Amino acid sequence: MSTHIGAKQGDISKTVLMPGDPLRAKYIAETFLEDVKQYNTVRNAFGYTGTYKGQEISVQGTGMGIPSVMIYGEELIQEYGVENLIRVGSAGGMKKEIKIRDVVLAQAATTDSSLHRHIFNNQVDFAPIADFDLLKHAYDIGMDKNMSIRVGNVLSADRFYNAELDKQKLADYGVLAVEMEAAGLYSLAAKHNKRALALLTISDHLLTGEETTAEERQTTFNDMMIIALEAALR
Ligand code: ADE
C-alpha cells in the first residue's frame, strides 16, 4: 500500500476517474462499472476497480482542493503506475454564457494557489493544461451525444469562500468556471508525463446566483460520466 491508498500492486487500473466526493466514487462504481472490487477505505477516500464495456477502469475519491487531489494523484502515478487521470467534478459558472447543467471541459486551469511559484522558483507562471487527446475525445463524444459542452479555461481556487476574488475580471479574461482541483492535477500529470483531464458539471453560478436541484445535478452528472467513461475507452 501507499501512504494514503490501501491497495496492492495491480489492484488499480491505468485509467482512474477522480471525483472529489468519495460517495460519488461509490456511486460511479455501483452505477456504471461491472465486476467491482473496492481497493481503498483509508480515510474513507473510497477507491474501486471494475470494468466498463469490458475494459478495466478505477475510480478514486480525492477529497477537495489542490493539496488533497495531489496526494492521491501522486500516489496513483508513483506507486500504482496510473497513466490517465480523469477528474469528474462540479464547478461554479463564472461567465454569463455558461449555464447551469453545462459540462465544461477544462482546457487549462488558472489558479490562485502558490503551487507553481514554488515549483518554478518564481521564474515563470506555469500554465497547466489538459491532455489534448483526452480533451478531443471527450469533446467529440459530448458533441456526438448533443450534450451542452463548453471548453476553456477554469479557475482552480484555493478558497471556496472568497469574497475578495475579482470574478468579473476572470470572466472578462475568458475563465468559464471555478473549481478547486484541476490545476494541481494538470501540473502533476505534466511533471510525470501522464495524461489528465477535468470534466465539470456546472452546479451553481457565481454571477447569477442560480443553483441546480439535486435531481438536475444527478442527471447532468450521469451525462458527464458517460463522456468520461467513453473517453477513457479510446
Ligand atoms: N464547485 C462547485 N461550485 C463551486 C464554486 N462555486 N466554487 C468552487 N468550487 C465549486
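Rules used throughout
- Along each chain, numbering runs from 1 in the same order as the chain's sequence is written.
- Only residues with pLDDT of 70 or above have their local features reported here, since the model is predicted, and side-chain atom pairs are shown and tallied only from 80 upward, although totals for entire chains, interfaces and linings are computed over all residues.
- Heavy atoms throughout the structure, all of them, feed into the side-chain values; hydrogens and water do not.
- Of the grid points, spaced at 1 Å and generated over the protein atoms alone, those admitting a 1.4 Å probe that cannot get out make up cavities, while open sets with protein on both sides within 12 Å along at least five of seven lines make up pockets; any residue with an atom within 4 Å of a point is treated as lining.
- Grid points are joined across faces, edges and corners, and a volume is the space filled by probe spheres set on the points.
- To qualify as a helix, a DSSP run of H or I must reach at least 4 residues; to qualify as a strand, a run of E must reach at least 2; elements of each kind are numbered from the N terminus.
- Throughout, the ten residues Ala, Val, Leu, Ile, Met, Phe, Trp, Tyr, Cys and Pro are labelled nonpolar, Asp, Glu, Lys and Arg are labelled charged, and all others, Gly among them, are labelled polar.
- Near residues are defined by distance, with any heavy atom within 4 Å of the molecule or strand qualifying the residue.
- Under this definition, polar contacts are N or O atom pairs within 3.5 Å; protein pairs additionally need one hydrogen-donor-capable and one acceptor-capable atom, and for neighbouring residues in sequence, both atoms have to be side-chain atoms.
- Accessible surface area values rest on a Shrake-Rupley calculation with a 1.4 Å probe, where residue burial reflects the displayed protein chains alone.
- A side-chain nitrogen of Lys or Arg and a carboxyl oxygen of Asp or Glu constitute a salt bridge if their distance falls within 4 Å.
- To sort residues, take the accessible area from a 1.4 Å probe on protein chains only and compare it with the maximum for the residue type: under 20% means buried, over 50% means exposed, and anything in between is partly exposed.

Draft legend 1. Structural detail: the layout of surface pockets. Put simply, the largest pocket is a space of about 800 Å³. Residue lining of the largest pocket: 35 residues in total, with Ser-90, Ala-91, Phe-160, Ser-203 and Asp-204 positioned closest to the centre. Within the residue set of the lining of the largest pocket, elements represented by two or more residues are strand E5 (84-93), strand E8 (175-179), strand E9 (195-205) and helix H7 (214-233). Of the residues that constitute the lining of the largest pocket, the class distribution is 14 nonpolar, 10 polar and 11 charged. Each pocket or cavity is described by its volume, and for the second largest pocket that value is around 200 Å³. For the second largest pocket, the full set of lining residues is Ala-108, Ala-109, Thr-110, Thr-111, Ser-113, His-116, Arg-117, Asp-125, Phe-126, Ala-127, Pro-128 and Asn-153. Considering each element in turn, the lining of the second largest pocket owes the most residues, 4 residues, to strand E6 (residues 103-111).

Draft legend 2. Structural detail: the site of the ligand. Neighbouring the ligand are the residues Ser-90, Ala-91, Gly-92, Phe-160, Val-178, Glu-179, Met-180, Ser-203, Asp-204 and Leu-206. Within the backbone of Gly-92, an N or O atom sits 3.3 Å from a nitrogen atom of the ligand. Within the side chain of Asp-204, an N or O atom sits 2.7 Å from a nitrogen atom of the ligand. Within the complex, the protein chains bury 88% of what would otherwise be the 260 Å² of accessible surface of the ligand.

Draft legend 3. A look at the pattern of salt bridges. Under the defined criterion, the tally for this structure stands at 11 salt bridges. The shortest N-O distance in the salt bridge between Lys-8 and Asp-11 comes to 3.8 Å. Judged by relative accessible area, which is 58%, Lys-8 ranks as exposed. What makes Asp-11 partly exposed here is its relative accessible area of 24%. Among the salt bridges present, the one from Arg-159 reaches Glu-164, with a minimum N-O distance of 3.2 Å. For Arg-159, a relative accessible area of 43% gives the class partly exposed. Under the relative-accessibility criterion, Glu-164 is labelled exposed at 63%.

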